[in-house]
Amino acid sequence: MSCDFMALATPGVQGLHPYEAGKPVEELERELGISNIVKLASNENPLGPSGRAMAAAQAALADATRYPDSNGFGLKRALQRHYGLAANQLTLGNGSNDVLELIARAFLNPGDEVVFSEYAFAVYPIVTQACSATAVVTPARDYGHNLQAMAEAITERTRLLFIANPNNPTGTALMRDELVAFLDTVPEQVIVVLDEAYTEYVDQADFPDGLELLPRYPNLIVTRTFSKAWGLAGLRVGFAAANPVITDLLNRVRQPFNVSHLALAAAEAVLADSDYLQRSVELNRAGMQQLEEGLKLQGLGFIPSFGNFITVDVARPAQPVFEALLREGVIVRPLGPYRMPQHLRISIGLPEENDRFLRALRQVLAC
Ligand SMILES: *Cc1c(COP(=O)(O)O)cnc(C)c1O
């Protein structure tokens with residue numbers, strides 16, 4: 001090639017590293033020629049989808065020749081009822097990842113600063129860099145967000161600030177008083193994105209509900225997803241809730257048909273399936289306890305987690321441990337890309353999957 005295409009890309013894209021997803025089961029099957037693989041790598045819901053959601057998606061297939069409803073009327077109406085929000089506060093996304101990107105596209109100019117914490121979700125640096133904005137990464141405190149450091153990092157050039165609560169990949173959480181005190185100090189022209197992908201798993205009384213904080217903070221955007229406790233990661237649907245002006249801006253950059261028929265129908269149906277949500281949360285609680293106890297028995301440290309995963313300190317380079325677990329047919333997530341080279345993140349699975357992981361880990365660490 002005579003043309004330097006790399007040089008043609010925007011400066012942000014030139015410096016970008018693609019997101020590293022959890023290894024798919026089929027890929028490992030092809031590589032090892034084995035079946036019966038356990039994937040605990042992408043914080044997916046181990047329960048399988050809600051029956052109601054599957055029936056709704058199935059029925060929606062009959063409309064596959066039509067474009068989906070660009071305004072997502074049915075799902076927005078269900079969200080309004082479920083969460084007490086207004087339609088003009090809602091932006092639907094192809095997963096909440098999509099809305100995180102819409103937020104960046106709507107608000108970031110090259111050179112604007114975006115504040116987020118060390119060990120925060122990998123999508124924040126990616127959307128920041130893609131817009132040629134500047135990431136300002138604040139040091140963590142006990143693997144969680146240090147809100148004081150984040151407040152101190154705000155400058156005239158700060159446009160966005162990302163907080164994941166609970167955070168992925170560390171599972172840490174901020175409680176209401178702490179978060180509210182912080183939000184009170186953030187200047188109104190700095191938009192705070194509160195990413196609540198795991199909120200359904202938390203039952204602590206002093207854990208904040210971002211949606212309740214929206215009336216108080218016009219600069220707040222709350223994002224939620226159907227990928228985790230609601231069990232629809234493969235269908236790709238999530239949403240942002242914010243004031244109507246911000247919502248209007250996000251909808252200007254949104255692709256008109258960003259959420260499919262099937263995703264809209266399934267998400268609307270699962271919102272009415274409170275039994276499914278409860279079973280997800282209970283399975284997660286029991287699985288978390290199982291993993292914590294199993295890890296303690298092996299003398300391993302872990303970060304106490306509020307999510308549907310647990311991050312373990314294997315006290316040695318974690319990449320070889322990850323690879324040895326793969327050979328045992330267990331896929332977890334190494335956290336080298338997060339600069340946590342001795343940690344592995346394990347999603348909570350079914351009891352037998354958790355057990356399989358614990359046994360494989362014991363075997364691998366003994367070698
Ligand atoms: C999983 C996750 C999301 C959700 O991703 P989707 O695009 O909705 O599947 C968002 N934020 C965090 C912190 C996550 O871990």
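Residues numbered from 1 in each chain as written. Predicted model: local features only at pLDDT ≥ 70, side-chain atom pairs only at ≥ 80, totals over all residues. Heavy atoms only, no water.

> So what's going on with the overall build of the protein chain? Residues and values would help.
The number of helices and strands found in the protein chain is 15 helices and 13 strands. A compact globule built from 367 residues should have a C-alpha radius of gyration of about 21 Å, and the protein chain, at 21 Å, falls within 12% of that. Across its three principal axes, the protein chain shows a C-alpha extent of roughly 60 × 55 × 50 Å. Taken over 367 residues, the protein chain has a buried fraction of 53%. (Helix = DSSP H or I, 4+ residues; strand = E, 2+ residues; numbered from the N terminus. Rg over C-alpha atoms; globule rule 2.2 N^0.38 Å. Buried < 20%, exposed > 50% of the residue type's maximum accessible area, 1.4 Å probe, protein only.)

> For a nonpolar patch on the surface, give the residues involved together with the corresponding values.
On the surface, Met1, Phe5 and Leu8 cluster together into a nonpolar patch covering about 440 Å² of accessible area. By relative accessible area, which is 91% here, Met1 ends up exposed. (Patch = residues over 30% accessible without salt bridge, like charges linked within 9 Å, V, L, I, M, F, W, Y side chains within 5 Å. Areas by Shrake-Rupley, 256 points an atom, 1.4 Å probe, with all protein chains shown as cover. Salt bridge = Lys/Arg side-chain N within 4 Å of Asp/Glu carboxyl O.)

> Tell me about the packing of aromatic side chains, residues and numbers included.
The final tally for this structure, using the stated rule, is nine aromatic pairs. By the ring-pair criterion, three or more aromatic residues cluster together here, those being Tyr83, Phe226, Trp230 and Phe239. The lysine or arginine in question, Arg345, covers the ring of Phe309, its NZ or CZ lying 5.8 Å from the ring centre. (Phe/Tyr/Trp six-rings, centres within 6.5 Å; stacked < 30°, edge-to-face > 60°. Lys NZ or Arg CZ within 6 Å of the ring centre and 35° of its normal.)

> Explain the site of the ligand residue by residue, including any values.
Contacts to the ligand come from Gly95, Ser96, Asn97, Phe121, Asn168, Asp195, Ala197, Tyr198, Thr225, Ser227, Lys228 and Arg236. Within the side chain of Asp195, an N or O atom sits 2.6 Å from a nitrogen atom of the ligand. One nitrogen or oxygen atom from the side chain of Lys228 is found 3.3 Å from an oxygen atom belonging to the ligand. Summarising the interface, the protein chains cover 93% of the accessible area of the ligand, which totals 380 Å² for the free molecule. Spatially, the ligand is embedded in the second largest pocket. The residue inventory of the shell around the ligand, partitioned by class, reads three nonpolar, six polar and three charged. (Near = heavy atom within 4 Å. Polar contact = N/O pair within 3.5 Å; in protein donor to acceptor, adjacent residues only side chain to side chain. 1 Å grid on protein atoms, 1.4 Å probe; cavity = no way out; pocket = protein on both sides within 12 Å on 5 of 7 lines; lining within 4 Å. Sits in = over half its atoms within 2 Å of the grid points. Nonpolar A, V, L, I, M, F, W, Y, C, P; charged D, E, K, R; others polar.)

> Which residues make up unusual backbone geometry, and what are the values?
With an omega dihedral of -5°, the bond running from Asn165 to Pro166 counts as a cis peptide bond. Mapped onto the fold, Pro166 is located in the loop between β5 (158–164) and α9 (176–185). Asn168 connects to Pro169 through a cis peptide bond whose omega is 20°. With respect to the secondary-structure elements, Pro169 resides in the loop between β5 and α9. With a phi angle near 50°, Asp142 is a residue other than glycine that sits in the positive phi range. By the secondary structure assignment, Asp142 is in the loop between β4 (134–138) and α8 (147–152). You will see that Ala315, though not glycine, has its phi angle at about 60°, which is positive. Note on placement: Ala315 falls in the loop between β10 (309–313) and α14 (318–327). In this structure Ala315 comes out as exposed when scored by relative accessible area, which is 57%.

> Kindly report on the sheet that holds strand β9 (residues 301–303), identifying the contributing residues and their values.
Taken together, the four strands give an open sheet; going across it, the order is β9-β10-β13-β12, and neighbouring strands pair in antiparallel fashion. If you trace the sheet from one side to the other, it starts and ends with β9 and β12 (333–334), each paired once. Across two bridges, β12 lies against strand β13 (residues 343–347) in antiparallel orientation. Among the inter-strand pairings, Pro334 is bridged to a residue of β13, identified as Leu344. Sitting on the sheet, helix α13 (residues 274–297) is in contact with β9, β10 and β13, with an inclination near 10° to β10. (Pairing = 2+ DSSP bridges. Contact = heavy atoms within 4.5 Å. Axes fitted to C-alpha atoms, helices over the stretch in contact; angles between N-to-C directions.)

> Give me the packing of α13 against helix α15 (residues 351–366): which residues, what numbers.
Where α13 contacts α15, the axes come no closer than 10 Å and their chain directions differ by 15°. Between α13 and α15, the angle falls in the class roughly parallel. In terms of crossing hand, the pair formed by α13 and α15 is right-handed. Residues Leu283, Gly287, Gln290, Leu291, Gly294, Leu295 and Leu297 of α13 form the contact with α15, whose own contacting residues are Pro351, Asn354, Asp355, Phe357, Leu358, Leu361 and Arg362. (Parallel < 35°, antiparallel > 145°, perpendicular 65-115°, else oblique. Left-handed = near helix turned anticlockwise from the far one by under 90°.)

> Before we move on, could you go through the packing of helix α4 (residues 51–60) against helix α12 (residues 261–271) and cite the residues and values that matter?
Between α4 and α12, the least distance of the axes is 8 Å, while the angle of their chain directions is 150°. Here α4 is positioned roughly antiparallel relative to α12, judged by the angle of their axes. Crossing hand, α4 versus α12: right-handed. Only His261, Leu262, Ala265, Ala266, Ala269 and Val270 of α12 make contact with α4, whose side of the interface consists of Arg52, Ala53, Ala56, Ala57 and Ala60. Residue composition of the contact of α4 with α12, by class: nine nonpolar, one polar and one charged.

> Summarise the pairing of strand β6 (residues 191–195); cite the residues concerned and give the values.
β6 sits mainly inside the fold: five of its five residues count as buried. The two faces of β6 match: Ile191, Val193 and Asp195 on one face and Val192 and Leu194 on the other face are all buried. Where β5 and β6 come together, five bridges link them in parallel fashion. Of the residues in β6, the one forming a bridge with Leu161 is Val192. Regarding the hand of the β-α-β motif, the stretch spanning β5, α9 and β6 is right-handed. (Right-handed = clockwise from strand over helix to strand, strands pointing away.)

> Before we move on, could you go through the layout of surface pockets and cite the residues and values that matter?
Reported here for the largest pocket is a volume of approximately 890 Å³. Together, 30 residues line the largest pocket, and Ala122, Pro125, Pro337, Tyr338 and Arg339 are the ones closest to its centre. Among the secondary structure elements, those contributing two or more residues to the lining of the largest pocket are β3 (113–117), α7 (123–130), β4, α14 and β12. Looking at the lining of the largest pocket residue by residue, the classes come out as 18 nonpolar, seven polar and five charged. Taken together, domain 1 (21–48 + 275–366) and domain 2 (51–272) each give at least three residues to the lining of the largest pocket, which thus spans both. There is about 600 Å³ of room inside the second largest pocket. If you go around the second largest pocket, you meet 29 residues; those closest to its centre are Tyr19, Asn97, Phe121, Lys228 and Arg236. (Points joined across faces, edges and corners; volume = space filled by probe spheres on them. Domains from an automatic or database assignment.)

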